[in-house]
Each structure stands twice: as structure tokens, then as C-alpha cells.
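Fold and geometry: a report
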Amino acid sequence: MSKRAGFATRLGAIAAAVGSAVGLGNIWRFPYEAGENGGGAFILIYIFCILVMGIPVILSEFIIGRSTHSNMKAALKRLSPGKKYYLFTYVCIMGSFIVIGFYSVVCGWIIEYLYQAALGNLSGHSPNEYSAMFGNLIADPWRCVGWTMLFLVINFMVMSRGIEKGIERVSSIMMPLLFVILIVFCVNSLLMPGARKGLEFLFWPDFSELTWKGVLVAFGQAFLSLSIGISCLVTYSSYFKDDTSLIKDAVTVASLDTLVAILSGVMIFPAVFSFNVEPTAGPSLIFEVLPGIFQQMAGGYVWALLFFLLVFFASLTSTISLSEIPITFIMEEHNVSRPRAIFWTALITFILAAVAALSFNVLSDIKLWGKNIFDMMDYAASNIFMLLGGLFTAVYVGWILDRKVIRDQITNNGRLKGTMGPYMIFCMRYIAPVCIFFIFLYLTGIIG
Ligand code: PHE
């Protein structure tokens, strides 16, 4: 994505945006956040958030990116000459570093599980043994840091060799395959004894379980999962062609992403209740439950391998889009070559990721509000940086950006008709500020 080349086809553009959106956010984070926040009610709020904020924010990032065909800072300078809105880009860059810092630790865990799956170690144990297995992994600083670094080396090699296009092509096969595999796993889970309880937990909204914190987490989860709020989709859409329908693409990306998240929930929760795992287990949830699922499937060895391989690729397409944000920024703003920009991005990422990986073992005593460094990075990234970033983007497009730019972008200079435009603008102008207000009330302790 380093050249101003543009995607060859509409499908190519969508596949890249979906590749960025679908990742560990859907498969690892969504089920455990739903588990910790009461299930059904959380999911209802999550879907509400996708409809009133997720899709409008995707659209606002698309409008900024495609109308200028440039990165966030240059785009804001061009759209609002003489104004300081472009300073906001620094918040996005910081946000992207924090996300990739904790995210790559989980990618490291995925490689460990891929390795264990290859060794055949993911079968023949009890649920307790699987949870001990995960506990041992995160308690071991060498293994945690080692796998995380291996993942980052692969990520930055892909970026420096410029083979992201190749990865995009590979992921256009891997992504649909991941989708098919998720459906197979869902069917398998639905045949388990805990299926009824699992589905009830997932889809029956019990609002007594929902707190203000849960609402905030649902919003943060939606933003992390859709890759919005840190200018990632501004960068991607700056390569879009002028005849792409932005609204249609925003809806497609959000729908596919949400579908994958819900399917992950349907795969995990029947198993959670069948194996008597606590739904509130947190980040370890899928790692404790998945081996049990593979174990009771015919050909479990192959399923396990295939699953972790596909999740690995899904995470790689996400981290590629994540690291592209600072790389493009450093290149274009500081006028340095791509290899140099990659070097600096990699260096900062390595340090942040190592600290995050060590926060479960060597640095586990460092805690703030009961959260270790990894949890703090996760919380700050999704519930503060991405959330406020996305909402400000919406307010910028809704209130500040020239109406003509919006109209031209939404209708492709009058060629497209559609009825969704006013709804999107309404959400950007009114719902986004209301959300910001509530987040402010929550973060300052006035509510919740
Ligand atoms: N959306 C990705 C996921 O769900 C994470 C991500 C966030 C990727 C921000 C790019 C930018 O896994």
C-alpha cells in the first residue's frame, strides 16, 4: 500500500478493509467481552453501536480518505486549510502503536497454539489441564516474548518486502475459508449438551447484567473490531476508486465483521457451558475452550491446525493495516524512505509489545486500577483512543467538513442515488456528540 496505486477492483478494496476488520477482535476479544459483560444485553448494545456509530464512522473515515487520496494529516490539512484539526492525527498514531503493542502479544499466543496443535498437544486433556496450559504459557516470559517477536518479525518482513499485495491475495482465499470453518465449528458446538444454555446466554438480553462499563466496553469493542478511530480506514480508502459506493462498502464491511464476531460467539458459548468454563474467564476464554472443541470433533488434529493457521492469517492482515498507519505517516511527514519508516515503527512496536508480553509474568506486579500493563493498553486503546478518535472523526465530517464534499463522496458526484445519506449525517452530527458526552461522564466518574 505504499504507492498511490488504488485497488484494481471493488472486491479488492472491500477484501482489504474486511481483512483489516476481521481478526482477533472478532474471534478472541468479542466472545470474552460478551462473557464478562453478561452476554445477550451486551450483544444488543454492540449491534446498536454498529448501526448508530460503527457504520457512520466508517463512512466518515472513507469520506476523508477518498476525497483527498492521502493520509489523515495531509487530508485534514487539505480539507481544512489553515486550521489545526490535523493535529488530531498524532492521537491516531499513538492509538495505533498501543493497539499493535498488545495485539501482537495475542498473535504470539496464536503461534504457540499453532505449534502445540502441530505437535498434537491439543487433545487428550481435561478442561482444567487446558486452562493450566494457557496459564503456563503466559507465566513464561521467554515463550511469551519469543512468540510475540516472531510474529512481529513476520509482520515487518511482509511490510518491508512489499508483499502485502501477495498477502491480500492469500487472505482473499483464507478469509472465506475462515468463514466456512467457523460455520462448521458452530454446527459442531450446537450439537453439544450446553448448546441451549450457551445460546440463551448469548442471545437472551438480561439487562440487569448490563452496567455503564459494559456499554462503554461494547462501544470500544465495536470500534476496535471495525478498525475505526485511528485513521486506518482513512488510509485504506485513500486508495479507493472514485466509482466505489462508500455507503455500500461501509455497510458490507460492518456486516461481515459483525457476522464473524457473532459466529465466534456461537462457536464458543455452547462449549463454555458444556465444559463448565466460567464465561467471565477473560482473555484466556477461547484458549481454554477451543482445544476441548477440537478434541471432540472427528479429525480434530487437522481442524485445530487449520483453525489456528486461518486465525494467524486473519491477525496478520489486521496488523499489516495497523502498522501501515505509522509507516505511511513517518514516510510522508518526515520524508524518509520506506525501509527507514519500517525500522522506526518496528522498533517502537517491539518495545511496546515486549512490555505487554511481560506484563503477565515479570512485570505482573505493576498494576493500575487492578489492571496489568497489557489490560491497560487494551483498555486505553479501544475504550479511549479509538472511541474518541472515531467520534471526533464523525463530528468533524458531520459539523465541520464542507457539505459539498460529503454529498459528492456519498453520491459519487451525483451518479448514485440512495436514501441512507441523511441517516448517516444525522448519526455523525447528533449521536456522536451524545456518545462523547456519556463517555466523558463515565471516565470522570460522574456516571457508572
Ligand atoms: N479490527 C481488528 C480486529 O478486530 C483490529 C484492528 C484495529 C486492525 C485497528 C486495524 C486497526 O482484530
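This text follows the structure it describes.
Residues numbered from 1 in each chain as written. Predicted model: local features only at pLDDT ≥ 70, side-chain atom pairs only at ≥ 80, totals over all residues. Heavy atoms only, no water.

1. Things to note about the overall build of the chain
- Each helix and strand in the chain was counted, giving 18 helices and zero strands.
- The principal-axis extent of the C-alpha atoms belonging to the chain is close to 65 × 50 × 40 Å.
- The buried share of the chain, reckoned over its 448 residues, is 60%.
- Of the accessible surface of the chain, which amounts to about 17900 Å², a share of 67% is contributed by carbon and sulfur atoms. (Helix = DSSP H or I, 4+ residues; strand = E, 2+ residues; numbered from the N terminus. Buried < 20%, exposed > 50% of the residue type's maximum accessible area, 1.4 Å probe, protein only. Areas by Shrake-Rupley, 256 points an atom, 1.4 Å probe, with all protein chains shown as cover.)

2. Remarks on the site of the ligand
- Around the ligand sit 16 residues, and of these Ala21, Gly25, Tyr103, Leu224 and Ser225 come closest.
- For the ligand, an oxygen atom lies 2.9 Å from a polar atom in the backbone of Gly25.
- In this structure, Asn26 approaches the ligand through a side-chain N or O atom, which is 3.3 Å from an oxygen atom.
- The site holding the ligand turns out to be the largest cavity. (Near = heavy atom within 4 Å. Polar contact = N/O pair within 3.5 Å; in protein donor to acceptor, adjacent residues only side chain to side chain. 1 Å grid on protein atoms, 1.4 Å probe; cavity = no way out; pocket = protein on both sides within 12 Å on 5 of 7 lines; lining within 4 Å. Sits in = over half its atoms within 2 Å of the grid points.)

3. Section: the side chain of Asp257
- Relative to the helices and strands, Asp257 resides in helix H12 (residues 246-274).
- Arg29 provides the closest opposite charge to the buried, unpaired Asp257, separated from it by 11 Å.
- Discounting chain neighbours no more than four positions away, the residues touching Asp257 are Ala21, Val22, Asn26, Tyr46, Ser225 and Leu226. (Lys, Arg positive; Asp, Glu negative; His and termini not counted. Salt bridge = Lys/Arg side-chain N within 4 Å of Asp/Glu carboxyl O. Contact = heavy atoms within 4.5 Å.)

4. Remarks on empty space enclosed by the protein
- Within the structure shown, the criterion is met by three cavities of 30 Å³ or more.
- The calculated volume of the largest cavity comes to roughly 140 Å³.
- Of all the secondary-structure elements, those providing two or more residues to the lining of the largest cavity are helix H1 (10-21), helix H2 (24-36), helix H5 (88-119), helix H10 (212-225) and helix H14 (300-334).
- When residues in the lining of the largest cavity are grouped by element, the largest group, three residues, is from H14.
- Residues that form the lining of the largest cavity fall into these classes: eight nonpolar, eight polar and no charged. (Points joined across faces, edges and corners; volume = space filled by probe spheres on them. Nonpolar A, V, L, I, M, F, W, Y, C, P; charged D, E, K, R; others polar.)

5. Observations concerning the packing of aromatic side chains
- Scanning the entire structure with this criterion turns up 33 aromatic pairs.
- Arranged with centres 5.8 Å apart and planes meeting at 70°, the rings of Phe185 and Trp303 form a pair that is edge-to-face. Residue Phe185 is found in helix H8 (residues 164-190), and its partner Trp303 is found in helix H14; the two are separated by 118 residues along the sequence.
- For Lys77, the ring lying beneath its charged end belongs to Tyr86, and the centroid distance is 4.9 Å. (Phe/Tyr/Trp six-rings, centres within 6.5 Å; stacked < 30°, edge-to-face > 60°. Lys NZ or Arg CZ within 6 Å of the ring centre and 35° of its normal.)

6. Side note on the layout of surface pockets
- Its volume calculated, the second largest pocket comes out at about 330 Å³.
- If you trace the second largest pocket, you find 15 residues lining it, with Ile247, Ile410, Thr411, Gly418 and Gly421 closest to the centre.
- Those elements that place two or more of their residues in the lining of the second largest pocket are helix H17 (403-411) and helix H18 (421-443).
- At five residues, the largest contribution of residues to the lining of the second largest pocket is made by H17.
- Looking at side-chain class alone, the lining of the second largest pocket contains seven nonpolar, five polar and three charged residues.

7. Notes on the pattern of salt bridges
- Applying the stated rule across the entire model yields eight salt bridges.
- In this structure, Arg29 engages Asp378 in a salt bridge whose closest nitrogen and oxygen atoms are separated by 2.5 Å. One end of the pair, Arg29, is in helix H2; the other, Asp378, is in helix H16 (residues 373-400), with 349 residues separating them in the sequence.
- Between Lys73 and Glu333 there is a salt bridge, with its nearest N and O atoms 3.5 Å apart.

8. Side note on helix H9 (residues 195-203)
- For H9, the set of buried residues is Ala195, Gly198, Phe201 and Leu202. Along H9, the residues classed as buried sweep out an arc of 130° about the axis, all on the same side. Of the exposed residues in H9, the ones pointing more than 90 degrees away from its buried face are Arg196 and Lys197. (Arc of directions from axis to C-beta.)

9. A word on unusual backbone geometry
- One non-glycine residue, Ser227, lies in the positive phi region at around 60°.
- As for its position among the elements, Ser227 is in the loop between H10 and helix H11 (232-237).
- The class for Ser227 is buried, based on a relative accessible area of 9%.
- Although it is not a glycine, Asn412 sits at a positive phi angle of roughly 50°.
- Positionally, Asn412 belongs in the loop between H17 and H18.

10. Structural notes on the packing of helix H3 (residues 40-68) against H16
- Closest axis-to-axis distance for the H3/H16 pair is 9 Å, and the angle between their directions is 65°. As for how H3 packs across H16, the hand of that crossing is left-handed. Contact with H3, carried on its side by Met53, Val57, Ser60, Glu61, Ile63 and Ile64, involves Gly390, Leu391, Thr393, Ala394, Tyr396 and Val397 of H16 and no other residues of that element. (Axes fitted to C-alpha atoms, helices over the stretch in contact; angles between N-to-C directions. Left-handed = near helix turned anticlockwise from the far one by under 90°.)

11. Digging into the packing of helix H7 (residues 141-160) against H14
- Following both chains from N to C, one finds H7 and H14 inclined at 65°, their axes separated by 10 Å at the closest point. Seen from above, H7 lies across H14 with right-handed handedness. Contacts from Phe151, Ile154, Asn155, Phe156, Val158 and Met159 of H7 reach H14 at Phe312, Ser315, Leu316, Thr319, Ile320, Ser323, Glu324 and Ile327.
- Taken together, the residues of the contact of H7 with H14 break down into nine nonpolar, four polar and one charged.

Such coordinate-based values are descriptive only and should not be taken to indicate function.
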